[in-house]
Amino acid sequence: MRVKCRVKGLEFYVPCGDGEQTLKWLSLVAAQQYELRKPNGQTRCRERSNAARGFFLPMSVQSGKGESLRDPNAKINEVFNDGAEVTVELQESVEVDNIGAPALSDWQQKSFCVGEASQLRLKADMARKEEEKRQMLTKMAVENRKKFEMNIAIIGSMD
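Right, let's walk through the structure included here. Quick caveat, the model's predicted, so the values are computed rather than measured.

## Concerning the sheet that holds strand β2 (residues 10–15)
- One open sheet holds the four strands; their spatial order is β2-β1-β4-β3, and the pairing between them is mixed. Edge strands, defined here as strands with exactly one partner in the open sheet, are β2 and β3 (58–63). Strand-to-strand twist across the sheet, computed as the mean angle between neighbouring axes with direction ignored, equals 30 degrees.
- Examined bridge by bridge, strand β1 (residues 2–7) and β2 share six bridges and lie antiparallel to one another. When the sheet's bridge partners are listed, Arg2 is paired in β2 with Pro15.
- Its contacts with the sheet place helix α1 (residues 23–37) against β1, β2, β3 and β4 (85–90), and it is angled at close to 130 degrees to β2.

## With respect to the environment of Glu85
- Along the polypeptide, Glu85 turns up in strand β4.
- Residues Glu85 and Ser63, 22 residues apart in the sequence, show an inter-C-alpha distance of 6.2 Å.

## A short note on a nonpolar patch on the surface
- Side chains of Met136, Leu137 and Met140 sit close together on the surface and give an oily, nonpolar patch of about 290 Å² of accessible area.
- With respect to the element layout, Leu137 can be found in helix α5 (residues 116–158).
- By relative accessible area, Leu137 is classed as partly exposed at 46%.

## A word on the state of the cysteines
- All chains considered together, the criterion is met by zero disulfides.
- Free of any disulfide, Cys5 has its nearest neighbouring cysteine sulfur in Cys16, separated by 7.0 Å.
- The exposure class of Cys5 is buried, given its relative accessible area of 1%.

Procedures and definitions
In every chain, residue numbers begin from 1 and rise along the written sequence. Per-residue local features of the predicted model are confined to residues with pLDDT of at least 70, and side-chain atom pairs are confined, for both listing and counting, to 80 or more; whole-chain, interface and lining totals are unaffected and use all residues. Side-chain descriptors were evaluated using all non-hydrogen atoms of the structure, hydrogens and water having been removed beforehand. Here, strands pair whenever DSSP counts at least two bridges between them. Counting from the N terminus, the helices are the DSSP runs of H or I reaching at least four residues and the strands are the DSSP runs of E reaching at least two. Helix axes use the C-alpha atoms of the stretch in contact, all axes being lines fitted to C-alpha atoms, and the angles between their N-to-C directions lie in the range 0 to 180 degrees. Should any heavy atoms of two residues lie within 4.5 Å, those residues are considered in contact. Patch membership requires more than 30% relative accessible area and the absence of a salt bridge. Residues of like charge join within 9 Å; the nonpolar side chains Val, Leu, Ile, Met, Phe, Trp and Tyr join within 5 Å. Reported accessibility uses the Shrake-Rupley method at a 1.4 Å probe radius. Residues are deemed covered only where the shown protein chains occlude them. Counted as salt bridges are all cases of a side-chain nitrogen of Lys or Arg within 4 Å of a carboxyl oxygen of Asp or Glu. Type-normalised accessible area, obtained with a 1.4 Å probe on protein chains alone, sets the label of each residue: buried when under 20%, exposed when over 50%, and partly exposed for intermediate values. Disulfides are defined in this document as cysteine sulfur pairs within 2.5 Å.

Structure (structure tokens):
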């Protein structure tokens, strides 16, 4: 079995044997093959392609029909037929959240956050977002209360 991968305009086939590997495996192989196959050529020191070297982490995987594939642990032979087309989107830069930790896509969280430490970080991140949301709602309620009181005061002074 082999799958046709498309990464940033570059297309190549990835041999998958019986297809018992996961989509996570396929996305990592596609990232590696992209790095090996992308044109290097003669570049100047300050050109972007020189700075963009390194290992690219997959952000998402899509079927040839454009459907986003959600389960990185699904077996290739369960999702695709021989010769199927796949598009792998790679992370070009590392975005960070408000505490300086890498901000991960849903695909990356499902694929690479499998350890206990990662799970704790994700839970803490969710708790922090909930707290921020609660604080924002409280602030909005206080502002609305002040506006309401000001309107009552204005109406009262008109009488």
